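Fold and contact review
What follows is the residue order along each chain.
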Amino acid sequence: MSAKTLTRRGLRDSLVSAARTRATVTGTTGSPSVTYTQLGTAYEFTGSGTFTTGSAGTIEALVIAGGGGGSYEGGGGAGGYIRTTLTLAASTTYTVTIGAGGAGGTSTGVVGTDTICGPLVARGGGGGRYQLAGLTGGSGGGSGYAADPTAGGAAIGQQGNDGGAHVGAVNA
């Protein structure tokens with residue numbers, strides 16, 4: 001960027017980039033997809049594995065857990081979502097565990113499995129439920145048909161949203 005086109009955001013981004021040292025990855029297991037861009041190298045794990053750092057520094061991490069299973073009428077919640085800058089130590093192996101989606105069910109869907117990347121844990125989505133409150137998860141599971149109002153499942157932390165509630169049966 002030239003001095004004339006340097007915006008406030010561009011200046012902020014330049015200062016942040018200059019202040020951070022990116023960690024280097026020297027090895028992986030689990031066959032992640034590797035993409036090379038002008039911004040750096042991206043490793044995408046769709047199955048569990050590990051990565052080993054060469055030098056200390058930061059990485060931009062996006063971690064998404066498995067979604068919850070739905071029920072007869074209550075939808076499963078989305079898997080928890082974490083996007084953050086993570087500081088890594090030199091010469092350290094970090095484990096990546098990919099969470100699976102939960103199975104659906106007639107009355108209750110199964111909570112999705114957590115996804116773990118080093119110290120980060122994205123929580124599995126809550127299971128949807130029929131005639132009961134949805135289950136807690138990264139995003140809460142939804143509540144299906146019930147005679148009385150029932151709540152959706154609560155989201156864990158700030159990883160997602162609460163599940164949808166059912167307002168109760170309408171008598172005509």
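Conventions we followed
Residues numbered from 1 in each chain as written. Predicted model: local features only at pLDDT ≥ 70, side-chain atom pairs only at ≥ 80, totals over all residues. Heavy atoms only, no water. Helix = DSSP H or I, 4+ residues; strand = E, 2+ residues; numbered from the N terminus. Buried < 20%, exposed > 50% of the residue type's maximum accessible area, 1.4 Å probe, protein only. Contact = heavy atoms within 4.5 Å. Areas by Shrake-Rupley, 256 points an atom, 1.4 Å probe, with all protein chains shown as cover. Phe/Tyr/Trp six-rings, centres within 6.5 Å; stacked < 30°, edge-to-face > 60°. Patch = residues over 30% accessible without salt bridge, like charges linked within 9 Å, V, L, I, M, F, W, Y side chains within 5 Å. Salt bridge = Lys/Arg side-chain N within 4 Å of Asp/Glu carboxyl O. Pairing = 2+ DSSP bridges. Axes fitted to C-alpha atoms, helices over the stretch in contact; angles between N-to-C directions. Core = buried A, V, L, I, M, F, W, Y, C linked by side-chain atoms within 4.5 Å. Polar contact = N/O pair within 3.5 Å; in protein donor to acceptor, adjacent residues only side chain to side chain.

**Comments concerning the overall build of the chain**
Across its full length, the chain holds one helix and nine strands. Taking all 172 residues of the chain together, the buried fraction comes to 34%. If you take every contact in the chain between residues at least 6 apart in sequence, the share linking residues at least 24 apart comes to 49%. Of the roughly 9900 Å² of accessible surface on the chain, 53% is carried by carbon and sulfur atoms.

**So, the packing of aromatic side chains**
In total, this model carries two aromatic pairs according to the counting rule given. Centre to centre, the rings of Tyr72 and Tyr130 are 5.2 Å apart; their planes meet at 90°, and the pair counts as edge-to-face. Taken together, the positions of Tyr72 in the loop between strand S5 (57–64) and strand S6 (81–88) and Tyr130 in the segment after strand S9 (120–122) put the pair 58 residues apart, joining distant regions of the chain. A residue is classified by how much of its surface remains accessible, and Tyr72, at 55% relative accessible area, is exposed.

**Things to note about a nonpolar patch on the surface**
Together, Val34, Tyr36 and Tyr43 give the surface a local cluster of nonpolar side chains, amounting to about 320 Å² of exposed area. With respect to the helices and strands, Val34 occurs in strand S2 (residues 33–37). The class for Val34 is partly exposed, based on a relative accessible area of 35%.

**Quick look at the sheet that holds strand S8 (residues 115–117)**
The antiparallel open sheet is built from five strands, whose spatial order is S1-S4-S7-S8-S9. Either end of the sheet is taken by a strand with one partner, and the two such strands are strand S1 (25–29) and S9. Ignoring which end each strand starts from, the neighbouring axes of this sheet average 15° apart. Sheet topology note: the strand S7 (residues 93–97)/S8 ladder contains two bridges and is antiparallel. Bridge pairing in S8 places Val96 opposite Cys117.

**Points about the nonpolar core**
Most often, soluble globular proteins keep nonpolar side chains buried together rather than apart. By size, the foremost hydrophobic cluster in this structure holds 15 residues, and its most contacted members are Phe51, Ile59, Val63, Leu88 and Leu120. Among the elements of the structure, S5, S6, S7 and S9 are those that each provide at least two residues to this core. Those residues within four positions of Val63 in sequence are excluded, and the remaining contacts are Gly80, Tyr81, Ile82, Thr115, Cys117, Leu120 and Ala122.

**A look at the side chain of Thr115**
Relative to the elements of secondary structure, Thr115 occurs in strand S8. Within the structure, the side chain of Thr115 is placed 3.0 Å from the backbone oxygen of Ile64, a separation counted as a polar contact. When residues no more than four places from it in sequence are discounted, the contact partners of Thr115 are Val63, Ile64, Ala65, Gly66, Thr97, Ile98, Gly99, Leu120, Val121 and Ala122.

**Considerations on the environment of Thr106**
Tracing the backbone through its elements, the reader meets Thr106 in the loop between S7 and S8. The contact partners of Thr106, leaving out residues within four places of it in the chain, are Ser71, Tyr72 and Tyr130.

**Here's the deal with the environment of Ala165**
Mapped onto the fold, Ala165 is located in the segment after S9. Given a relative accessible area of 55%, Ala165 falls into the exposed group. Along the backbone, Ala165 and Ala151 are 14 residues apart, and their C-alpha atoms lie at a distance of 4.4 Å. When neighbours within four sequence positions are excluded, Ala165 is seen to be in contact with Ser143, Thr150, Ala151 and Gly152.

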